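The residues making up each chain are set out below.
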Amino acid sequence: MIWTGSIFAIVAVALAIFISTLDQNKAKKYISAAVTEATGRQLSIKGDLNLDLGWISRLSASDIQFANAEWSKHPQMAEVGLFDVEIDLWQLLTKFRLVLPTVTISRPRMVLEKNAEGTANWEFRAAPQPVPEKRSEVPVIQNLVIKDGVLLFDDQVSNTQADLKLIQAEAAGFLDAPVKLKAEGTYQKLPLTISLDGGSYEHLRSAKDPYPLQINLVIGKLNAKIDGNLTEPLEMKGEDVTLDIQGDDMANLFPVIRLVFPSTPPYRLKGHLKHEGKVWSFSNFSGRVGDSDLSGNIRVDTGPKRPVMKADLVSNLLDFDDLAGFIGGTPGAGPGETASEEQKQQAAANKESDRIFPDQRYDLERLRAMDADVRLRAKKILAPKLPIDNLDAKLSLNDGILRFAPAAFGVANGRMEIYSTFDGSKRPSKVTIDARLRQLDLRRFLSETSFAQKTLSPIGGRIALTGTGESFRELMATASGNTFLAMSGGQISGMLVELAGLDIAGSMGYLVRGDKSVTVRCGLVDLHGENGQMAVQTLVFDTANAVIYGEGNINLRDEKVNLVVLPVPKDFSPLSLRAYIRAQGPFKDISVFPDPIKTGTDSLLKKIFNVLTMLVMIPLQPRDLGQGKDADCDELIASVQKQDPQGVVLKDVYKSSGP
């Protein structure tokens, strides 16, 4: 806008000098001196300067250069290969209206930048008025052509860069005809197309009426449409516009608007766009992100050193797969899932891998580029394989440090609260996870089986881990800390207990008489570990009929489990295949198989050997004589009290045991 104002100033000075001197090229030094005096920057017209007088006069100048600020590494702030303008003298003399039938600008190159101190190169000693103060003073341009334009923008304060190349831009309109502009080029190395349909010049020059505007913008796979009115179009203020935006992944918005979003499936949102000063708002929007609906309000303040975003988001039905981007994963791309082609390809590659932890490296530059305060509420969550009901998450981002305080899930008629901190302000990144499981109903985890209706056992627990790394996989590979799950009281399916112990006679009895509930006295799984190696300190599950013990480890680094459990009955059983049961293998494909003398189950040969050994040992099962003893439940629960210093989880566990 400043450069455009300067050009019109040049035109005015040039006309006066041309009429008196008629020596057009000699006038160049006078024009250059006038602009240099006004701005403090050197203006050079190295090419020809021509004026053809007539009712439609034509002024042209070539090879124009306007010097940049002294601190810039770019010597020229603006360069124009050719500036050519037609002036309708009849309109100017008879109707006092400045009408420009054609304005052509070829090979313009503009550099706009701010240095680290916040000084802008468009701040002049005495800057010319960039645009008319009144809408009625706007000149009428019937046809505007910009060819091979380049705009470079570099703001070192906000670390924002742009490289815009206009291959060709054209605009046309006159009085009652609408203004139309089309342009194409590249932005941030992404293909760019833009089309603008505005009101007529009559609308633009009218101080009373709002100015209608429609803009279609496509950058890469981002498509945005703006439709509405501007009260002050010259100052881009007083918006009453609707923004309809869609794309393949919200994470791809970062290069365009410098705001950080997690990776998402394809999205489309529509709402009201407004800005006041340096504050932008996208309010009352609604739409879909993947297979989830989303609505709410977003407010962005671009005034501080880092933009600050505040958002209040609500989903009536949230597909749990769509949250994968929060930990660096790929949103769900299975049959029936909404996903981009790139996400489908990534999902196919993940399917071939035996790993489940995502290894996408975190982009720490993005985390440090803005601050945020976000709340996301999901009234219902679609998670067919998990008993997750709802979500209320509070997220804050400040100087590269991301916190959930907390992310509260409704899980299995209970609650899971996650307090986590991801410190991306330095390398290596560090994560701290504190997850509290409160009153989870075991029945919900057995919902697809016949055992669920005979089971009612609340579970509590706490996961306290720390790790370092540049991806979620690396964080888990270095995880150190404690984890426990505890139960006290409740009931569980009797047939499930007998099957866990491979008790054929006991299971047949329940099959004939019908499944009945068995009292749960208590249960505890306690894991301690460092650098991804989590060892079982305690594994006990005590019911009225049997007590189950266990040992082993969970390898978060290699994503493998190796656990052995041993059921010991409290009653006699005449026929049993009871033996050690081993759960072994990668997280993605855990194998559960009998291991009577703990030789392992990691090969077909070992599994055959274990079956034969178990059959041979049927008559020699001393455990079937009812030698199981009640566990000391109070001592078990007390052993993990140090891992629940505030007593929040264990208070619920004791409460579930009853009087």
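The model shown is predicted, which means the values in this text are computed figures rather than measured ones. (Residues numbered from 1 in each chain as written. Predicted model: local features only at pLDDT ≥ 70, side-chain atom pairs only at ≥ 80, totals over all residues. Heavy atoms only, no water.)

Enquirer: Explain the overall build of the protein chain residue by residue, including any values.
Expert: Summing up its helical and strand segments, the protein chain has 14 helices and 35 strands in all. Carbon and sulfur atoms provide 56% of the accessible area of the protein chain, an area that totals close to 33100 Å². (Helix = DSSP H or I, 4+ residues; strand = E, 2+ residues; numbered from the N terminus. Areas by Shrake-Rupley, 256 points an atom, 1.4 Å probe, with all protein chains shown as cover.)

Enquirer: Which residues make up the pairing of strand E17 (residues 279–289), and what values go with them?
Expert: Bridge analysis of strand E16 (residues 267–276) against E17 gives 9 bridges, and the strand direction is antiparallel. Within E17, the residue paired with Leu269 across the bridge is Gly287. Between E16 and E17, which pair antiparallel one after the other, the connecting turn spans 2 residues, and Gly277 there sits at a positive phi close to 65 degrees. Pairing between E17 and strand E18 (residues 292–301): 9 bridges, direction antiparallel. Counted as the bridge partner of Ser286 is Ser295 from E18. Taking the residues that link successive antiparallel strands as the turn, the E17-E18 hairpin has 2 residues, and the phi of Gly290 there is positive, at about 65 degrees. (Pairing = 2+ DSSP bridges.)

Enquirer: An account of the state of the cysteines is needed here, citing residue identities and associated values.
Expert: Per the stated rule, a full pass over the model turns up 1 disulfide. Residue Cys522 pairs covalently with Cys633 via a disulfide, S to S 2.1 Å. Around the S-S axis, the bridge from Cys522 to Cys633 shows a dihedral of about -75 degrees and counts as left-handed. Highlighted residues: Cys522 in strand E30 (residues 517–530) and Cys633 in helix H13 (residues 633–638), separated in sequence by 111 residues. Like Cys633, Cys522 is buried. (Disulfide = S-S within 2.5 Å. Buried < 20%, exposed > 50% of the residue type's maximum accessible area, 1.4 Å probe, protein only.)

Enquirer: Go over the packing of aromatic side chains, please, and point to the residues and values.
Expert: Evaluated as defined, the whole model comprises 7 aromatic pairs. Ring plane angle 80 degrees and centroid distance 5.4 Å describe the contact between Phe357 and Phe472, whose orientation is recorded as edge-to-face. Of the two residues, Phe357 is situated in the loop between helix H6 (341–352) and helix H7 (364–367) and Phe472 in helix H9 (residues 472–477); the sequence distance between them amounts to 115 residues. Take Phe472: its relative accessible area is 16%, and that puts it in the buried class. Each member of the aromatic cluster is reached from another via a ring pair, and the members are Phe357, Phe472 and Phe587. (Phe/Tyr/Trp six-rings, centres within 6.5 Å; stacked < 30°, edge-to-face > 60°.)

Enquirer: Give me the lowdown on the environment of Leu259, citing residues and values where you can.
Expert: The topology assignment puts Leu259 in the loop between helix H5 (254–257) and E16. On the basis of relative accessibility, which here comes to 9%, the residue Leu259 falls in the buried class. With near-sequence residues (within four places) excluded, Leu259 lies in contact with Leu253, Phe254, Val300, Pro307 and Met370. (Contact = heavy atoms within 4.5 Å.)

Enquirer: Let's hear about a nonpolar patch on the surface: which residues, and what values?
Expert: Taken together, the side chains of Trp55, Ile56, Trp90, Leu92, Leu93 and Leu98 present a nonpolar region at the surface, about 610 Å² in accessible area. If you trace the backbone, Ile56 turns up in strand E3 (residues 56–67). Given a relative accessible area of 42%, Ile56 falls into the partly exposed group. (Patch = residues over 30% accessible without salt bridge, like charges linked within 9 Å, V, L, I, M, F, W, Y side chains within 5 Å. Salt bridge = Lys/Arg side-chain N within 4 Å of Asp/Glu carboxyl O.)

Enquirer: Break down the confidence of the model for the protein chain for me, citing the residues and quoting the values.
Expert: The share of residues in the protein chain with pLDDT of 70 or more is 79%, and the mean pLDDT across the chain is 80. Element-level pLDDT for the protein chain is lowest in helix H11 (residues 504–513), with a mean of 43, against a maximum mean of 94 in strand E19 (residues 308–315). Contacts for the low-pLDDT stretch residues 502–513, under 50 throughout, to residues beyond four places or in other chains number 31 contacts. (pLDDT = per-residue confidence, 0-100.)

Enquirer: Could you give me a rundown of the side chain of Asn115, with the residues and numbers involved?
Expert: Following the sequence through the fold, Asn115 ends up in the loop between strand E7 (109–114) and strand E8 (140–141). Among the polar contacts listed, one links the side chain of Asn115 to the backbone nitrogen of Glu117, at a separation of 3.1 Å. Apart from the residues within four sequence positions on either side, Asn115 is in contact with Trp71, Gln156 and Val157. (Polar contact = N/O pair within 3.5 Å; in protein donor to acceptor, adjacent residues only side chain to side chain.)

Enquirer: So what about the pairing of strand E27 (residues 458–468)? Which residues, and what values?
Expert: Examined bridge by bridge, strand E26 (residues 430–441) and E27 share 10 bridges and lie antiparallel to one another. Considered in E27, the bridge of Asp434 is made with Ala464. Examined bridge by bridge, E27 and strand E28 (residues 480–488) share 8 bridges and lie antiparallel to one another. Counted as the bridge partner of Gly460 is Ala486 from E28.

Enquirer: Report on helix H12 (residues 604–616), specifying residues and quantitative values.
Expert: Between its terminal C-alpha atoms H12 stretches 19 Å, which fits the 18 Å expected from 13 residues at 1.5 Å a residue. Among the residues of H12, Asn610, Thr613 and Met614 are the ones counted as buried. The arc that holds the buried residues of H12, viewed along the axis, is 100 degrees, so those residues lie on one side. Opposite the buried face of H12, by more than 90 degrees, sit the exposed residues Leu604, Leu605, Leu612 and Val616. Packing partners of the buried residues in H12 comprise strand E35 (591–594). (Expected span 1.5 Å × (residues − 1). Arc of directions from axis to C-beta.)

Enquirer: Account for the environment of Asp634, with residues named and values stated.
Expert: With respect to the helices and strands, the residue Asp634 is situated in helix H13. Between the C-alpha atom of Asp634 and that of Ser488, which follows or precedes it by 146 residues, the distance is 9.3 Å.

Enquirer: Lay out the pattern of salt bridges in plain terms, naming residues and giving numbers.
Expert: Scanning the entire structure with this criterion turns up 21 salt bridges. A salt bridge links Arg268 to Asp244, with the shortest nitrogen-to-oxygen separation between them at 2.7 Å. On the criterion of sequence distance, the pair formed by Arg268 in strand E16 and Asp244 in strand E15 (residues 237–247) is long-range, its members being 24 residues apart. Across the salt bridge formed by Lys598 and Glu551, the nearest N and O atoms sit 3.0 Å from each other. On the criterion of sequence distance, the pair formed by Lys598 in the loop between E35 and H12 and Glu551 in strand E32 (residues 546–555) is long-range, its members being 47 residues apart. One network of salt bridges, in which partners are shared, links Arg355, Asp359, Arg473 and Glu559.

Enquirer: So, unusual backbone geometry: which residues are in play, and what are the values?
Expert: Between Ala405 and Pro406 the backbone carries a cis peptide bond, its omega angle lying at -15 degrees. Of note, Pro406 is situated in strand E24 (residues 401–411). Across the junction of Arg427 and Pro428, the peptide omega takes the value -5 degrees, indicating a cis bond. Structurally, the position occupied by Pro428 is in the loop between strand E25 (414–423) and E26. With a phi angle near 55 degrees, Asp63 is a residue other than glycine that sits in the positive phi range. For Asp63, the position within the fold is in strand E3. Judged by its relative accessible area of 34%, Asp63 falls in the partly exposed class.

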